[in-house]
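Chain and residue survey
Here are the chains, one letter per residue:
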Amino acid sequence: MNEERRQFTRIPVSAKALVEQFGEKFVAKVADVSLNGAHLITEADLSSEAPIKLHIIFDELSPPVDMIAKIVYHKDHDYGVECKEIDIDSMLHLRTILTLHNNDSETIHQESQALWEKNAEDIDS
């Protein structure tokens with residue numbers, strides 16, 4: 001993966017995800033997550049040519065995180081995905097989860113601020 005994807009703090013998690021591509025739904029395990037993507041493990045044969053809808057479920061009590069993602073890495077059953085679209089509620093919930101699992105909440109705040117600024121630049125250009 002390129003250097004930009006590595007700028008975000010990754011947190012190991014034990015979460016499940018529903019992955020949708022081409023109208024088909026698959027189950028995946030989420031091995032780690034960052035503000036900019038996730039590492040998925042799934043038996044599904046996903047195509048890197050098309051985006052996926054990702055519905056991450058951390059537990060029964062918290063809301064899911066929904067995003068549109070692009071597959072940027074694939075080997076065997078492992079997929080690295082980069083977030084392309086995420087709604088504000090999902091982003092805030094994901095940021096909260098990352099902050100709770102990381103001793104450096106300031107880093108997570110800086111990463112989320114940088115991501116918002118990058119997305120604003122992309123929209124303006």
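Below is a summary of the structure that appears in this document. (Residues numbered from 1 in each chain as written. Predicted model: local features only at pLDDT ≥ 70, side-chain atom pairs only at ≥ 80, totals over all residues. Heavy atoms only, no water.)

**Comments concerning the overall build of the protein chain**
In plain terms, the rule: Each helix is a run of H or I in the DSSP string that is no shorter than four residues. Each strand is a run of E no shorter than two, and both are numbered from the N terminus. Buried means the residue's accessible area, taken with a 1.4 Å probe over protein chains only, is under 20% of the maximum for its type, while exposed means over 50%, and partly exposed covers the values in between. Should any heavy atoms of two residues lie within 4.5 Å, those residues are counted as being in contact.
For the protein chain, the count of helices and strands is two helices and six strands. For the protein chain, the α and β elements follow one another from N to C terminus as β-β-β-β-β-β-α-α. By the burial criterion, 39% of the 125 residues in the protein chain qualify as buried. Contacts in the protein chain between residues at least 24 apart in sequence constitute 52% of all its contacts with a sequence separation of at least 6.

**Examining the pairing of strand β6 (residues 78-86)**
How we decide: Whether two strands pair depends on DSSP finding at least two bridges between them.
Where strand β3 (residues 37-41) lies against β6, five bridges are found, and the strand directions are antiparallel. Paired with L40 across the bridge in β6 is Y79. Of the pairings in the sheet, the one linking strand β5 (residues 65-75) to β6 comprises eight bridges and is antiparallel in character. Counterpart to H74 in the pairing with β6 is Y79. Here β5 folds back onto β6 in antiparallel fashion, the turn holding two residues, of which D76 has a positive phi close to 55°.

**Some remarks on the sheet that holds strand β4 (residues 52-57)**
This is how the line gets drawn: Structural elements are reduced to axes, namely lines fitted to C-alpha atoms, with helices fitted over the stretch in contact, and the angle between N-to-C directions of any two is expressed from 0 to 180 degrees.
In spatial order, the strands read β1-β2-β3-β6-β5-β4; together these six strands close into a barrel with antiparallel pairing. Ignoring which end each strand starts from, the neighbouring axes of this sheet average 45° apart. Direction of pairing for β4 relative to β5: antiparallel, over a ladder of five bridges. By the bridge assignment for β5, L54 is matched with M67. Helix α1 (residues 88-100) contacts β1 (11-21), β2 (24-34), β5 and β6 of the sheet and is inclined by roughly 65° relative to β5.

**Quick word on the nonpolar core**
How we decide: Take the buried Ala, Val, Leu, Ile, Met, Phe, Trp, Tyr and Cys residues and link them wherever side-chain atoms come within 4.5 Å; each set so joined is a nonpolar core.
If you look at the biggest cluster of nonpolar residues, it comprises 32 residues, and the most contacted ones within it are V30, L40, I56, F58, M67 and L94. Elements that contribute at least two residues to this core include exactly β1, β2, β3, β4, β5, β6, α1 and α2 (105-124). It is β1 that provides the largest number of residues to this core, a total of five residues. Residue contacts for V30: discarding those within four places in its chain leaves V13, S14, A15, K16, A17, A38, H39, L40 and I56.

**Description of α1**
Applied cut-off: One fewer than the residue count of a helix, multiplied by 1.5 Å, yields its expected span. This arc describes the spread of directions from the helix axis toward the C-beta atoms. In the analysis that follows, any N or O atom pair within 3.5 Å is treated as a polar contact, provided that within protein one partner can donate a hydrogen and the other can accept it, and provided that, for residues neighboring in sequence, both atoms belong to side chains.
Here α1 is 13 residues long and its end C-alpha atoms lie 18 Å apart, about the 18 Å a rise of 1.5 Å per residue gives. Among all positions of α1, only S90, M91, H93, L94, I97 and L98 are buried. For α1, the arc enclosing every buried residue in end-on projection is 165°, short of the 170-degree limit, so these residues lie on one face. In this structure, α1 carries D89 and L100 as exposed residues pointing more than 90 degrees from its buried face. You can read the cap of α1 off the contacts: a side-chain oxygen lies 3.0 Å from the backbone nitrogen of D89, and it is on D87.

**Some thoughts on the environment of P51**
Assignment of secondary structure puts P51 in the loop between β3 and β4. Considered as a pair, P51 and A69 are 18 residues apart in the sequence and their alpha carbons are 5.6 Å apart.

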